[in-house]
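Listed below, chain by chain, are the residues.
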Amino acid sequence: MIPEYDYSQIERKWQKIWEETGLYRADLSDTEKKLYCLVMFLYPSGDRLHIGHWYNYAPTDTWARFKRMQGYNVFEPMGYDAFGLPAENYAIKHGVHPAVSTNQNIENIRQQLKAMGAMYDWNCEIDTSKPEYYKWTQWLFLQLYKSGLAYRKKAAVNWCPSCQTVLANEQVIDGACERCEEQVIQKDLEQWFFKITDYAEKLLEGHDRIEWPEKTIAMQKNWIGKSIGALISFQVKDADDSIDVFTTRPDTLFGVTYMVLAPEHPLVDKLTTADYRPGVQDYIVQTRKTKEIDRLSTEREKTGVFTGSYCINPVNGEEIPIWIADYVLATYGTGAVMAVPAHDQRDFEFCRKYNLPIRQVIRKIVGNHNESLEAAYTDAGFMMNSGVFDGLSSEDFKSRIVEWLKERKCGHEKINYKLRDWLISRQRYWGAPIPILFCDKCGEVAVREEDLPVLLPENVDFTGRGVSPISTAMDFVHTVCPQCGGAARREVDTMDTFVCSSWYFLRYVNPELQDRPLDRKRVNDWLPVDQYVGGAEHAVMHLLYARFVTKVLHDLGHIDFDEPFKKLIHQGIITNAGAKMSKSRGNVVNPDKFIEQLGSDTFRMYMMFMGSYEDGGDWSDDGITGIHRFLKRAWRLVWQVHQERPAGAESGKFARVRYQLHYAIKHATESLERFHFNTAISRIMELVNEIYLYIQEIDTASQNVRLYREVIPTLVQLLAPFCPHMAEELWQVLAQEHSIFDEKWPAFNEKMLELNRINLGVQINGKIRSQIEVAAEASDDEIIQVALAQEKVRSYTDGKQIIKSIVVPKKLVVFAVK
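Draft legend 1. Broad picture of the overall build of the protein chain. Along the protein chain, the regular secondary structure elements total 27 helices and 34 strands. Along the first, second and third principal axes, the C-alpha set of the protein chain runs to 105 × 80 × 50 Å. Taking all 818 residues of the protein chain together, 56% fall into the buried category. Considering only intrachain contacts with a sequence separation of at least 6, the fraction spanning at least 24 residues in the protein chain is 73%. Summing over all exposed atoms, the protein chain offers an accessible surface of approximately 36,100 Å²; the carbon and sulfur share of this is 47%.

The structure is reproduced here in structure tokens:
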């Protein structure tokens, strides 16, 4: 009698065995065939894993199990990106300390991850909120600080009024806070920055050496925004000051009719004359109320005010009025723009509004160049109204004018980047304290490395308003200067959590180290990460920051590689009834419910079957029950063959089984390599169907012995990465001594796929009239054509109308004629 598939008992049993035997502890001393597989670690803001977590982790674990069976020494760790706003907001609302709620969440999530059946090495677990981890995050800060890559300055920053914290540009989505969706405003604060701009070119160069999705690389390139142009100096009239402008269009220099400064530009106050000061000051106040995203909008009407001052165009000596306008940002380029209304649409619209002059200096290659402009002409052409340079092509003029400026020391070639320095300050509690203190005598002083970690104070006031909660802990704030021994105060800002995640992949291979952040030899042996998996939404945040920090540590001599992740793949999004899951829509899928009803193996396998992993899929309750039926069907099949133990020698129809076996091995292997889980599962399903057909057609005594000795064990091996608990149980049923994950992944035999032929009956009007032989992979159209070409079949079809033709796979060709 075949026992029932008791998934609940089976899954508990094997999770216990795996943990007790330490099956998944990686031997980090063995690097001969090492493979570091990593998913982006999770943020424990809630106490349960949601379906998005499962979709990230379970399929990646399937790939890792597959690689283990291919003989790789797979290292698959897990940890928690545990600092951040949600835990602190929870503390404010419910009066529970962030450390308490975070630890509770992690404990719950850890049990869920084990229930998933993932082969994580729990000996290498990390938690970024623990002092033994953030001590080294602070060490990382000090390395950048000592190298001139961490600095503090006053800057207009994105401020979330609700979260009461500064946000990086990447955390502002359509003008709103990415976490609470409150509208973001601008505010001046002293902030800490990492100088990622120094690494702009290296970040671009590294793209050629990593296997990442093209779209992700394109997003990073666009974010970095490399532009090649010129830096040109405009002398301020009757003053010693000059205004530097970066432009990619030096060929339009003769067409400059006004200068525009950002309202935040440091020269604005000095250049504003008394007559124009009230208007300029009012405009600056209004600008501060405008979100940066709106200031950059191409659809928004442009506004500005005249300062009363002028500067001199270096090529023709013309006096140019200096305006300020909010569409110019102090943080991009030099914070100044030379306005060429005839050849820039934004400037053109501004000029029309304020009745400023428009001078065309590039004429069209064809057409009448004397016609009045109805819009800016932005294409290439020939120079006009440009003195001795008239008639030159605009492309030739670009290089000529830069040389001319360089000779006169008022300009030179310049490469500019849109990328801005990484703002890491957060006016919050639940984060890694910044290891800096301030002394009245010594100024800004770095905490000594031997004094790390700077521990978070435990007794703070969580008001959720105003200053950082840390500033309420006087015992923390007041300290002693390590240089002079005098009174000092600590920095009360904490670091952006992206700093914690910018290096965590280095710590996994040596989390037990207490005297240094990493074991250089082990890190160099195991990294870069071989396969990284996570969401595409991190393209210009975590993924960019991790690359930056890795390159810094490489340049400082701490590691031998400068890219963190060799290969990257993004998982798609799971929808429900065609819509994104959300509580408001009432379509959120609760993994725990289905795991209780159908088991972890069913849940993880269905997520891989519902669609392409990189595209995602649409959830279906019917779909997951269908997968559960398939697993029960495979369970019964293995048990049946095991109990009957066929010992015959039938070879005719067994050839079909043998072909389907090797076909499944070949295509499942190829699909798994590419994370195409759904197609791999389909091939395994076809194999199960073929075996069932065989045992139904051939009596047990005649069934080929290789069905029991080879086919069924191989089927279980193919199933193993997808449903690890059930596969382990079936492997034990087959009297195998070791874990199935210590077995070698099956290899296909090309010869078994070359000569495979199948026989099909030809049925005409309900009666079998003939048989044909075709290639097993022949299409339906090919099969029909072969049947119709057969002389015996033609005797029934010639001169008659074929009403219907159907191919029943591997059985019949059916014709209806009249």
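Structure's up, so let's keep going.
Draft legend 2. Up close: the environment of G206. Summarising the element assignment, G206 is placed in the loop between α6 (200-205) and α7 (214-224). For G206 and V762, which are 556 residues apart along the polypeptide, the C-alpha to C-alpha distance reads 61 Å. Once residues lying within four places of it in the same chain are set aside, the contact partners of G206 are R547, K551 and E563.

Draft legend 3. Representation of the nonpolar core within the structure. Of all hydrophobic cores here, the largest spans 98 residues; its most connected members are L113, W619 and L715. Setting aside residues no more than four positions away along its own chain, L113 makes contact with L42, L49, Y57, M78, Y80, A118, Y120 and W122. Counting residues in hydrophobic clusters, the runner-up holds 89 residues, among them F41, Y417, V454 and C481.

Draft legend 4. Representation of the sheet that holds strand β2 (residues 73-75) in the model. Read across the open sheet, the 4 strands follow the order β2-β1-β26-β27; overall the sheet is parallel. Each of the sheet's edge strands pairs with one partner strand only, and the pair in question is β2 and β27 (565-569). On average, adjacent strands in this sheet sit at an angle of 25° to one another, irrespective of strand direction. When strand β26 (residues 529-533) meets β27, the two strands line up parallel, connected through 4 bridges. Within β27, the residue paired with V533 across the bridge is I569. Relative to the sheet, helix α17 (residues 542-555) contacts β26 and β27, its axis offset from that of β27 by approximately 175°.

Draft legend 5. View of helix α9 (residues 277-288). In this model, α9 (12 residues) spans 17 Å end to end at C-alpha, consistent with the 16 Å of a helix rising 1.5 Å per residue. Residues of α9 that are buried make contact with α8 (268-271), α10 (292-295), β13 (304-312) and β14 (319-325).

Draft legend 6. Spotlight on the pairing of β26. Among the 5 residues in β26, 5 count as buried, and that is most of the element. Bridge analysis of strand β1 (residues 34-39) against β26 gives 3 bridges, and the strand direction is parallel. Bridging from a neighbouring strand, V39 pairs with V533 of β26. For the handedness criterion, the β-α-β arrangement of β26, α17 and β27 is classed as right-handed.

Draft legend 7. Main features of the pattern of salt bridges. Here the structure, examined in full by the defined rule, presents 50 salt bridges. Measuring nitrogen to oxygen at the nearest pair gives 2.9 Å for the salt bridge that ties R359 to E318. With R359 in the loop between α11 (345-354) and β16 (362-363) and E318 in the loop between β13 and β14, this residue pair connects regions lying 41 residues apart in the sequence. Where K551 meets E563, a salt bridge forms, and the shortest distance between an N and an O atom there is 2.9 Å. Highlighted residues: K551 in helix α17 and E563 in the loop between α17 and β27, separated in sequence by 12 residues. The pair formed by K551 and E563 is uniform in burial state, with each residue classed as buried.

Draft legend 8. Highlighting the packing of helix α2 (residues 51-69) against helix α21 (residues 654-673). Remark: α2 packs on α21, axes separated minimally by 10 Å, with the N-to-C direction vectors making an angle of 125°. As the angle between them shows, α2 and α21 are arranged oblique. Of the two possible hands of crossing, α2 and α21 adopt the one that is left-handed. Across the interface between the two elements, T62, W63, F66 and K67 from α2 touch T669, L672 and E673 from α21. Its residues assigned to classes, the contact of α2 with α21 shows 3 nonpolar, 2 polar and 2 charged.

Draft legend 9. Fine view of α7. Within α7, the full set of buried residues consists of T216, I217, Q220 and I224. Along the axis of α7, the buried residues cluster in a sector spanning 100°; they form a single face. Looking at α7, the residues exposed on the side facing more than 90 degrees away from the buried face are E214, K215 and N222. Those residues of α7 that are buried are in contact with α6, β10 (226-236), β18 (411-417), α17 and β27. One or two steps after α7, the chain reaches G225, where phi turns positive at roughly 60°.

Draft legend 10. Region of the structure containing the packing of aromatic side chains. All told, the structure shown has 51 aromatic pairs when counted by the stated rule. Plain terms: the ring middles of Y36 and F75 are 5.2 Å apart, the flat faces sit at 50° to each other, and that makes the pair tilted. Linking Y36 in strand β1 with F75 in strand β2, this pair joins segments that are 39 residues apart in sequence. Like F75, Y36 is buried. When the ring of W136 is compared with that of W139, the centres are 6.5 Å apart and the planes differ by 70°; the resulting orientation is edge-to-face. With W136 and W139 both in helix α5 (residues 131-146) and 3 residues apart, the pair spans about one turn of that helix. The two residues W136 and W139 agree in class, both being buried. Put simply, the rings of F141, Y145, W192, F194, Y199, W422, F498, Y545 and F548 pair up and form one aromatic cluster. When the ring centre of W212 is taken as reference, the NZ or CZ atom of R547 above it lies at 5.9 Å.

Reading the values: the criteria
- Residues numbered from 1 in each chain as written.
- Predicted model: local features only at pLDDT ≥ 70, side-chain atom pairs only at ≥ 80, totals over all residues.
- Heavy atoms only, no water.
- Helix = DSSP H or I, 4+ residues; strand = E, 2+ residues; numbered from the N terminus.
- Buried < 20%, exposed > 50% of the residue type's maximum accessible area, 1.4 Å probe, protein only.
- Contact = heavy atoms within 4.5 Å.
- Areas by Shrake-Rupley, 256 points an atom, 1.4 Å probe, with all protein chains shown as cover.
- Core = buried A, V, L, I, M, F, W, Y, C linked by side-chain atoms within 4.5 Å.
- Pairing = 2+ DSSP bridges.
- Axes fitted to C-alpha atoms, helices over the stretch in contact; angles between N-to-C directions.
- Expected span 1.5 Å × (residues − 1).
- Right-handed = clockwise from strand over helix to strand, strands pointing away.
- Salt bridge = Lys/Arg side-chain N within 4 Å of Asp/Glu carboxyl O.
- Parallel < 35°, antiparallel > 145°, perpendicular 65-115°, else oblique.
- Left-handed = near helix turned anticlockwise from the far one by under 90°.
- Nonpolar A, V, L, I, M, F, W, Y, C, P; charged D, E, K, R; others polar.
- Arc of directions from axis to C-beta.
- Phe/Tyr/Trp six-rings, centres within 6.5 Å; stacked < 30°, edge-to-face > 60°.
- Lys NZ or Arg CZ within 6 Å of the ring centre and 35° of its normal.

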